Amino acid sequence: MKTLIRGEKVNVSDFTSTTQLEVEVNVASNFEMDITCFGLDQKKQLTDDRYMIFYNQLNSPSNEIQLRNLGNGSGSFFIDLATIPSSIHYLVFTATIDGNGTMGMIQNGFLKIKAENQTLLDYSFTANDFKNEKAVIITEIYNYKSIWKVSSVGSGFDGGLAALLTSFGGTASEEQAAISATAQEPISAASTASAAPVLDKKVLLEKKMEQKAPKLLDLSKKAKILLEKVGLQNHTAKVALCLDISGSMSKMYRSGKIQEFVERILALGTRFDDDGSIDVFLFGKNAYDAGEITIDNFNGSVDRLIKQYPLEGNTFYGKAMKIIRKNYVGSGGKRDKPYPQKHPVYVMFVTDGAPFDRADATNHIQYSSYEPIFWQFMAIGKSNKSAKKKSGFFNSIFQSDFTFLEQLDELSGRYLDNANFFSVEDPLEVSDTELYDLLMTEYPAWVKTASQKGLIE
């Protein structure tokens, strides 16, 4: 194994004859950190955004580049240099801080290049290598005179991901272009000039939906219109979907209506959170953290969930509310003081009846009123009480008492009102536009109040 120093260049062929490489990146910090590989052309331009490989786009068009084992500040890229198209000359590996913090505040980081399970090259760095930068180009693998080379760059950018995208989207100066045209050693990305607009993550997400999920893109555009109407077009939040898997929900799952509903919530998630995913939690007798539903895996996702988590007897809200709170704010217990965070959490809570643990559920609403969590309850079925009703599912075959959900909606003694409730007899007989209106009835006002009262930083 060779340890590279900053600025060192070596030939890949000096260390292995294979073209299949693994590039492992890890940056240890207390911040949200994104790891990205940019596939750039000869002038270091991102002319094909399908070659921006990151958490929202894990593979290049023909799987020449694949991002696996993704975590906060870490990931492994699997690359076959033999199949990289001739239009791609540079593979640029970067780390960017999402939010507060600078690269001068990280703990340490490394990039390793491996082949056949052996580490060939290693480049390490620490906070001492940077100051106020919010992004860093760690290493480049580039094609120079038909030879693949590696350069340990270690170059930082004050402007974070935006600065990187601007740099990679621009046009090199005439002098730089002349150097590139005569196949001299490549210039660093930090020296390229650019006047091109920044490629927003959500724009890239829309392009991905256009290619992979046009139906989802249509729903996402409807959600966008509604969010613009209520002033949340630039709002960022985590979106959680909490689904009732008690036995009485069986017909809803078998009919495919829950799958359709999940897609509508995922579309909202693409507008709130640019990672294009929603976190899923399930509850019946027990409660489960069921992972994520994303643009890549949403087709058939509900059937897969129900196979993994079969429907159960009984209905306990509190168990699910506890694991949701623990997931987002680190505690599912009592709280009586404000607990601020950068991003709020919007929880879509779907059920068809009252729970067995009413006191526990009530406590969670009370305690979480000090946290940046908003609970949007939606009941499915025909109520025999005074719940707000919509059009006709079950045709009076099944009726539920939604009084408890109304009580949670109107609960007194909270730090602030953190819940809303509506009911529908059939979620698919409510139009997309009407559903999004219902979902945003109270949330925009809650966001404003939560910000004023210090729950959202």
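Here goes a summary of the coordinates provided. Note that the coordinates shown come from a computational prediction; the quantities given were computed from them, not determined experimentally. (Residues numbered from 1 in each chain as written. Predicted model: local features only at pLDDT ≥ 70, side-chain atom pairs only at ≥ 80, totals over all residues. Heavy atoms only, no water.)

Here the focus is the overall build of the protein chain. The secondary structure content of the protein chain amounts to 12 helices and 20 strands. Looking at the protein chain as a whole, 54% of its 457 residues qualify as buried. Considering only contacts within the protein chain whose residues lie at least 6 apart along the sequence, 73% involve residues at least 24 apart. For the protein chain, the exposed surface amounts to about 19,100 Å²; the carbon and sulfur share of it is 46%. (Helix = DSSP H or I, 4+ residues; strand = E, 2+ residues; numbered from the N terminus. Buried < 20%, exposed > 50% of the residue type's maximum accessible area, 1.4 Å probe, protein only. Contact = heavy atoms within 4.5 Å. Areas by Shrake-Rupley, 256 points an atom, 1.4 Å probe, with all protein chains shown as cover.)

Under the defined criterion, the tally for this structure stands at 25 aromatic pairs. Pairing Phe-349 with Trp-375 gives two aromatic rings, centres 6.4 Å apart and planes at 65°, and the pair type is edge-to-face. With Phe-349 in strand S16 (residues 345-351) and Trp-375 in strand S17 (residues 373-380), this pair connects stretches of sequence that are 26 residues apart. Trp-375 matches Phe-349 in its accessibility class, with the two residues each being buried. Feature note: the residues Phe-283, Tyr-317, Phe-349, Trp-375, Phe-377 and Phe-404 constitute an aromatic cluster, connected by ring pairs. Positioned over the ring face of Phe-78 is Arg-68, at 4.1 Å from the centre of the ring. Cation over ring: Lys-319 sits above Phe-316, and NZ or CZ is 4.5 Å from the ring centre. (Phe/Tyr/Trp six-rings, centres within 6.5 Å; stacked < 30°, edge-to-face > 60°. Lys NZ or Arg CZ within 6 Å of the ring centre and 35° of its normal.)

Time to look at the side chain of Thr-294. Residue position: Thr-294 is located in strand S15 (residues 287-294). For Thr-294, a relative accessible area of 15% puts it in the buried group. There is a polar contact of 3.1 Å between the side chain of Thr-294 and the backbone nitrogen of Asp-296. If sequence neighbours within four positions are ignored, Thr-294 has contacts with Leu-266, Gly-276 and Ser-277. (Polar contact = N/O pair within 3.5 Å; in protein donor to acceptor, adjacent residues only side chain to side chain.)

Before going further, it helps to spend a moment on helix H9 (residues 358-368). Where H9 is concerned, the buried positions are Ala-361, His-364, Ile-365, Gln-366, Tyr-367 and Ser-368. Those residues of H9 that are buried lie in contact with helix H8 (317-329), S17, helix H10 (403-409) and strand S20 (419-424).

In this structure, Lys-44 is a non-glycine residue whose phi angle is positive, near 60°. Tracing the sequence through the fold places Lys-44 in the loop between strand S4 (33-40) and strand S5 (52-53). Here the phi dihedral of Glu-116 falls at roughly 50°; this positive angle occurs in a residue that is not glycine. Looking at the element boundaries, Glu-116 is found in the loop between strand S9 (108-115) and strand S10 (118-126).

The buried count for strand S8 (residues 90-97) comes to eight of eight residues, which makes it a mostly enclosed element. What you see with S8 is no split at all: Tyr-90, Val-92, Thr-94 and Thr-96 on one side and Leu-91, Phe-93, Ala-95 and Ile-97 on the other are buried throughout. The sheet contact formed by S8 and strand S11 (residues 135-144) spans seven bridges and is antiparallel. The residue of S11 that forms the bridge with Leu-91 is Ile-141. (Pairing = 2+ DSSP bridges.)

On to the side chain of Lys-114. Topologically, Lys-114 is positioned in strand S9. A distance of 2.7 Å separates the side chain of Lys-114 from the side chain of Glu-24, its partner in a polar contact. Not counting the four nearest positions on each side in its chain, Lys-114 is found in contact with Gln-20, Leu-21, Glu-22, Glu-24, Thr-119 and Leu-120.

Moving on, we come to the sheet that holds strand S2 (residues 9-11). Taking strand neighbours across the sheet as the criterion, the six strands line up as S2-S12-S11-S8-S4-S5 in an open arrangement whose pairing is antiparallel. With one partner strand each, in any of the chains shown, S2 and S5 form the two edges of the open sheet. Bridge count for S2 against strand S12 (residues 147-157) is three bridges, and the pairing is antiparallel. Looking across to S12, one finds that Lys-9 is bridged to Ser-151.

Turning next to the pattern of salt bridges. Per the stated rule, a full pass over the model turns up 15 salt bridges. Residues Asp-122 and Lys-112 are paired through a salt bridge, measuring 3.0 Å at the closest nitrogen-oxygen approach. Residue Asp-122 is found in strand S10, and its partner Lys-112 is found in strand S9; the two are separated by 10 residues along the sequence. For Asp-122, a relative accessible area of 7% puts it in the buried group. Of the charged contacts in the structure, one is a salt bridge between Lys-222 and Asp-218, with a shortest N-O distance of 3.7 Å. Of this pair, Lys-222 and Asp-218 both sit in helix H4 (residues 214-229), separated by four residues, roughly a single helical turn. Residue class for Lys-222 comes out partly exposed when judged on its relative accessible area of 30%. Here Asp-218 falls in the partly exposed class, since its relative accessible area comes to 42%. Connected through salt bridges with shared partners, the residues Asp-218, Lys-222, Arg-264 and Asp-432 form a single ionic network. (Salt bridge = Lys/Arg side-chain N within 4 Å of Asp/Glu carboxyl O.)

Looking now at H4. The end-to-end C-alpha separation of H4 is 23 Å, in line with the 22 Å expected for 16 residues at 1.5 Å each. For H4, the complete set of buried residues consists of Leu-216, Leu-217, Leu-219, Ser-220, Ala-223, Leu-226 and Leu-227. (Expected span 1.5 Å × (residues − 1).)

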